Amino acid sequence: MKASNLQLGVNIDHVATIREARGTDYPDPVEAAGIVERAGAHGITVHLREDRRHIQDKDVFALRESIGTRLNLEMATAPEIVDIALRLRPDEVCLVPERREELTTEGGLDAAGMSQDLAGPVQVLKHAGAVVSLFIDPDPWQVTATAELGATCLEFHTGTFCDATGAAADLELDRLIAAARQAHQLGLQVNAGHGIHMRNIGAILEMPHLDTLNIGHSIVARAVMVGMHTAVSEMLGEMAAYRGGRAESA
């Protein structure tokens, strides 16, 4: 049986959330990123939100200088944030929807309905050398729109599945599996993230063609109990079971 090649990107936003809650200079996301990398993660993800509720501009530029793996910048398409991304030159950008009122990202980007608004940022960021991903729900028309926009990859919003139970969870997992197959057929790299934790990752690993899982909140929450290195190592241990997901004939 072949070894798993599934990659882990660790979102360290909530290290900054703890810092911002008290207005201190600690805990330091850069220090956290170093521990994450030493534990074996393949990349660092941060979301520079327009309201700067956690990660700050200084954090992303410090991370760009300090990390040795890949920097994935989650971002809205606001001109100010696009300009920062062009100066930052992250390895990857993931375009996400963003509302000031939400606690966290509540769903996928409407790539189909916003194609005219997204086309410019996608091309500008690709021209700057970034791998461009769109964070979408597992709907076939959103997958098609992502490919038509020229994105390199996509990240499926797994939050709906992770919040569901019973038959609803089974249905949502089937949608994720079908959408992953469609994306692969269209030549898109398949990533996934949102709401993934140690108790539901076994089901997530049924998705075929996965390249990267971006996981943040559950790892940072677990780190409060066992430390960041252990929390990352535990998740990598679970991910090592990946063997390509559910077979086509299943």
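Above: the structure in question.
In what follows, the accompanying structure is described. No experiment lies behind these values; they were computed from the predicted model shown.

Bringing the packing of helix α2 (residues 29–38) against helix α11 (residues 228–239) into the picture now. Between two packed helices, what matters for the description is the angle formed by their axes and the separation of those axes. At a minimum axis separation of 8 Å, α2 and α11 run at an interaxial angle of 40 degrees. Classed by the angle they form, the pair α2 and α11 counts as oblique. Helix-helix and strand crossings are classified by hand; for α2 and α11 the assignment is right-handed. In this structure, α2 uses A32, I35, V36 and R38 to contact α11, whose residues at the interface are M228, H229 and V232. Looking at the contact of α2 with α11 residue by residue, the class counts come to five nonpolar, one polar and one charged.

This brings us to the sheet that holds strand β1 (residues 7–11). Ordered by their spatial adjacency, eight strands build a closed barrel running β1-β2-β3-β4-β5-β6-β7-β8, and the pairing between neighbours is parallel. Each strand axis lies, on average, 25 degrees off the axis of its neighbour in the sheet, ignoring direction.

Here we take up the nonpolar core. L8, F156, L213 and V232 are the most contacted members of the largest nonpolar core, which has 74 residues in total. Non-local contacts of V232, meaning those with residues more than four positions away in its chain, are made with L8, V10, V36, A39, A41 and I219.

Another point: the pairing of strand β4 (residues 92–95). What you see with β4 is no split at all: E92 and C94 on one side and V93 and L95 on the other are buried throughout. Taking the sense of rotation as the criterion, the β-α-β connection linking strand β3 (residues 70–75), helix α4 (residues 79–88) and β4 turns out right-handed.

Looking now at α2. Of the residues making up α2, those classed as buried are P29, A32, A33, G34, V36 and E37. Those residues of α2 that are buried lie in contact with β1, α1 (13–22), β2 (43–47), α3 (57–66) and α11. N-cap assignment for α2: the residue whose side-chain oxygen lies 3.0 Å from the backbone N of V30 is D28. With its phi angle positive at about 110 degrees, G40 sits one or two positions after the end of α2.

This part is about a nonpolar patch on the surface. A contiguous nonpolar surface patch, about 310 Å² in accessible area, is contributed by V224, M225 and V226. Its place among the elements puts V226 in helix α10 (residues 217–226). Classification of V226 as partly exposed rests on a relative accessible area of 32%.

Scanning all chains against the criterion turns up 14 salt bridges. A salt bridge links E20 to R19, with the shortest nitrogen-to-oxygen separation between them at 2.9 Å. Classification of E20 by relative accessible area gives partly exposed; the value is 32%. With relative accessibility at 3%, the residue R19 sits in the buried group. Residues E80 and R52 are paired through a salt bridge, measuring 2.8 Å at the closest nitrogen-oxygen approach. On the criterion of sequence distance, the pair formed by E80 in helix α4 and R52 in the loop between β2 and α3 is long-range, its members being 28 residues apart.

Conventions we followed
Residues numbered from 1 in each chain as written. Predicted model: local features only at pLDDT ≥ 70, side-chain atom pairs only at ≥ 80, totals over all residues. Heavy atoms only, no water. Axes fitted to C-alpha atoms, helices over the stretch in contact; angles between N-to-C directions. Helix = DSSP H or I, 4+ residues; strand = E, 2+ residues; numbered from the N terminus. Parallel < 35°, antiparallel > 145°, perpendicular 65-115°, else oblique. Left-handed = near helix turned anticlockwise from the far one by under 90°. Contact = heavy atoms within 4.5 Å. Nonpolar A, V, L, I, M, F, W, Y, C, P; charged D, E, K, R; others polar. Pairing = 2+ DSSP bridges. Core = buried A, V, L, I, M, F, W, Y, C linked by side-chain atoms within 4.5 Å. Buried < 20%, exposed > 50% of the residue type's maximum accessible area, 1.4 Å probe, protein only. Right-handed = clockwise from strand over helix to strand, strands pointing away. Polar contact = N/O pair within 3.5 Å; in protein donor to acceptor, adjacent residues only side chain to side chain. Patch = residues over 30% accessible without salt bridge, like charges linked within 9 Å, V, L, I, M, F, W, Y side chains within 5 Å. Areas by Shrake-Rupley, 256 points an atom, 1.4 Å probe, with all protein chains shown as cover. Salt bridge = Lys/Arg side-chain N within 4 Å of Asp/Glu carboxyl O.

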